[in-house]
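# Summary of the model geometry
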Amino acid sequence: MTDKLDELCVNTIRMLSVDCIQKANSGHPGMPMGAAAMAYVLWTRFLRHNPENPKWPDRDRFVLSAGHGSMLLYSLLHLTGYDLSLEDLKNFRQWESKTPGHPEYPLTPGVETTTGPLGQGFANGVGMAIAERYLAARFNRPEHTIVDHYVYGILGDGDLMEGVSHEAASLAGHLGLGRIIYLYDDNHISIEGSTDIAFSENRTARFEAYGWHVQTIEDGNDYKAIEKAINEAQKETTRPSFIAVRTHIGYGSPNKQDAASAHGEPLGPDEIKLTKQKLGWPLEPAFLIPDEVLDHFRKAIEKGKDLESLWQAHARSYEDAYPEPALEWKRCMNGELPENWDKDIPAFPADPKGIATRVASGTVLNAIAPNVFNLFGGSADLAPSNKTEIKGEKDFQSGVYEGRNLRFGVREHAMASILNGMALHGGIIPYGGTFLIFSEYMRPAIRLAALMGLRVIYIFTHDSIGLGEDGPTHQPIEQLASLRAIPNLTVIRPCDANETAEAWRLVMTNLNGPVALALTRQGLPILDRTAFAPAAELAWGAYVLKDAPGGKPDVILIATGSEVPVALDASEKLEEKGVNARVVSMPSWELFDKQPQEYRDRVLPPEIKARIAIEAGVTQGWHRYVGSTGKVIGIDRFGASAPSKVLFEKFGITADNVVRNVLEIL
């Protein structure tokens, strides 16, 4: 290796990125130009990966948290031999291209997570490291190691400004996640100008306070210093590593280096010409990749094959020595559930007094967990309330990585992002709990989980004004509607313990996106399923819980969660008045909307216009089911502090109010 070849390789990354961004006339050239050297050293001298098998289980994970610098990653993926052609790079930011403006998982081979919203990648990497440590503790044996990799990342100033990175860094330091090595692109520039205008704390001291191993590199183009720092970071096994690398945004551009304009604007033809001249780069052709550069980068293919082949040999040896754990390993990495995983899910006996659905959820979780070892998660300091603790299991802590109870602390945003990282790593079915109102803190990461189609479980308790005296700050009103607005997120609000059990059965088998459970604090009657439809019909999203005589209703009452018993009471009162009511339990809009039209019309016959929806939340969205002549009984204002029974009465979530509204529309 010569310094000349190093420089040629780094300039190839820079100019390939610049040319692609210019062709798109859109993008962020400054970051790839400034961070090219550190990325080059990491990818060619440290990163264990196989371009021909991007899903090799024991590969190192690389997270470009500063996702606006996507062309840096795309250039590296193409150069090292992933299934990403030069033509794909030239289609940067174009319709249906594999190179969107910010990296997207699983669209582009080699992209480990969707980044762009700053700070998310940082926290995703923490989740990946948690998964790595847990699986290593679960499967590795003396002289038989099959889980042994690092999580690398490149961060920007924006990542460190966003609050989610503070939360995630604090937890990572507490947990001693020594497999994290993050390179900080310290270029002193943000969109509005110098970072000094808004960002003046001592970043290295901050990470030292979090319990990280911290190093500083004064010259972002010093290959040897970067290599030495990463080597030192690898030796640090009990602390995550933070390497602050002083770089220059738009490096090599005579007029845009160290300028805010280099962040989010193409350099322009004239400045590209000047930059190429300054870096000693040929003016033509564009998208130039010198042969010796490509030969050097493409060594990653053979190296990757050799690394994976060696690991496969270890895996075969492991399988011979430990056949049962080897089967478990394969199953969990394939996202499969063990046979009879649900055999202990209880059927709750009918009980007019009943229990809260959060309590039922905790019971079901603890029935599943002994049979599904990779169901792993916790709560944002609310485990006793959310019922998220797996009984008899240890806490996941520094040096106790076999524990399955993850204490996230009061860090909802980081929790959600970390859950994404755990899911992205593979081998884990992650869950996290908090009050439904605090889903607001999690929303950015929930949205990304839905965008990526991740298998993540959210346990949201205290799902309505039914939580009572804590008042409007804690009472969710608009949260159900807000979550339902997220594409590819399934929201389930069960009406009793048995619907809750069926919701968990569905949650565990859903592979194509996250699921949110909305659960009550207050007790709900456990319905007598010999008198009503079976709870298993929850899988349809909505079902006829109780039908009118002869299946000919005068009115349809639709409800979710704690309002289903209200609808049932109202149906009885209506029968006394000679009105026949059908009661539909609709725990999940998303599941119902996926059903064939014939089924939906059977549950909600189009010819029956008299419909009432009942839910203790905003009425937004319900008119799609009740139509223009129906009514929605909900709450379109904030709650209040009072006992739950008083609140339901004052807000009209009562059987008597339902009856009054039915009589008005008939």
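Data block above holds the structure.
Bear in mind the structure is a predicted one, so any value in this text is a computation, not a measurement. (Residues numbered from 1 in each chain as written. Predicted model: local features only at pLDDT ≥ 70, side-chain atom pairs only at ≥ 80, totals over all residues. Heavy atoms only, no water.)

## Topic: the pairing of strand S17 (residues 555-559)
The element S17 is largely enclosed, with a buried count of five among its five residues. The two faces of S17 match: Val555, Leu557 and Ala559 on one face and Ile556 and Ile558 on the other face are all buried. Where S17 lies against strand S18 (residues 581-585), five bridges are found, and the strand directions are parallel. Bridge pairing in S18 places Val555 opposite Ala581. For the crossover from S17 across helix H21 (residues 564-576) to S18, the handedness is right-handed. The pairing of S17 with strand S19 (residues 611-614) spans four bridges and is parallel. When the sheet's bridge partners are listed, Leu557 is paired in S19 with Ile612. (Buried < 20%, exposed > 50% of the residue type's maximum accessible area, 1.4 Å probe, protein only. Helix = DSSP H or I, 4+ residues; strand = E, 2+ residues; numbered from the N terminus. Pairing = 2+ DSSP bridges. Right-handed = clockwise from strand over helix to strand, strands pointing away.)

## Some points on the sheet that holds strand S1 (residues 61-64)
The sheet built from five strands is open, its strands ordered S1-S2-S3-S7-S6 with parallel pairing. At either margin of the open sheet sits one strand with a lone partner, and together these are S1 and strand S6 (213-217). For this sheet the average axis-to-axis angle between neighbouring strands, irrespective of direction, equals 15°. When S1 meets strand S2 (residues 151-155), the two strands line up parallel, connected through four bridges. (Axes fitted to C-alpha atoms, helices over the stretch in contact; angles between N-to-C directions.)

## Focus on the sheet that holds strand S20 (residues 631-633)
Judged by pairing direction, the sheet is mixed, and its five strands sit side by side in the order S16-S18-S17-S19-S20 without closing on themselves. Looking at the sheet topology across the chains shown, the edges are occupied by strand S16 (543-546) and S20. Ignoring strand direction, the axes of neighbouring strands in this sheet form an average angle of 30°. Here helix H26 (residues 655-665) sits on the sheet in contact with S17, S19 and S20, set at roughly 170° to S20. (Contact = heavy atoms within 4.5 Å.)

## Digging into the environment of Leu283
Secondary-structure assignment places Leu283 in the loop between helix H11 (269-279) and helix H12 (291-297). The exposure class of Leu283 is partly exposed, given its relative accessible area of 36%. Residues Leu283 and Ala535, spaced 252 residues apart in sequence, show a C-alpha to C-alpha distance of 69 Å.

## Considering the packing of helix H17 (residues 412-425) against helix H18 (residues 439-452)
Angle between the axes and distance between the axes are the two parameters that describe a pair of packed helices. Running from N to C, H17 and H18 cross one another at 20°; their axes reach a closest spacing of 6 Å. Considering the angle they form, H17 stands roughly parallel to H18. Considering how the two elements wind past one another, H17 and H18 form a crossing that is left-handed. Of the residues in H18, those touching H17 at Glu412, His413, Met415, Ala416, Ser417, Asn420 and Leu424 are Tyr441, Met442, Pro444, Ala445, Leu448, Ala449 and Met452. (Parallel < 35°, antiparallel > 145°, perpendicular 65-115°, else oblique. Left-handed = near helix turned anticlockwise from the far one by under 90°.)

## Some points on helix H3 (residues 70-80)
Among the eleven residues in H3, eleven count as buried, and that is most of the element. Residues of H3 that are buried include every one of Ser70, Met71, Leu72, Leu73, Tyr74, Ser75, Leu76, Leu77, His78, Leu79 and Thr80, and no others. Backbone geometry just after H3 places Gly81 at a positive phi near 105°.

## Describing the nonpolar core
Burial of nonpolar side chains together is a common tendency in soluble globular proteins. Among the nonpolar cores identified, the biggest contains 77 residues, and Phe122, Val126, Ile130, Trp212 and Tyr458 are the most heavily contacted of them. By residue number, the principal contributor to this core is helix H5 (residues 120-139), which donates eleven residues. For Ile130, the residues in contact, after removing those within four places along its chain, are Leu175, Leu177, Phe376, Phe396, Leu406, Ile418 and Met422. (Core = buried A, V, L, I, M, F, W, Y, C linked by side-chain atoms within 4.5 Å.)

## Structural notes on unusual backbone geometry
Following Tyr105, the chain continues to Pro106 via a peptide bond in cis, the omega torsion being 0°. Looking at the element boundaries, Pro106 is found in the loop between helix H4 (86-90) and H5. Cis geometry is adopted by the peptide bond preceding Pro285, which originates at Glu284 and carries an omega value of -5°. Along the polypeptide, Pro285 turns up in the loop between H11 and H12. In this structure, Asn340 is a non-glycine residue whose phi angle is positive, near 60°. Of the residues examined, Asn340 reaches a relative accessible area of 45% and is grouped as partly exposed. Of note, the phi angle at Asp381 is positive, near 65°, even though the residue is not glycine.

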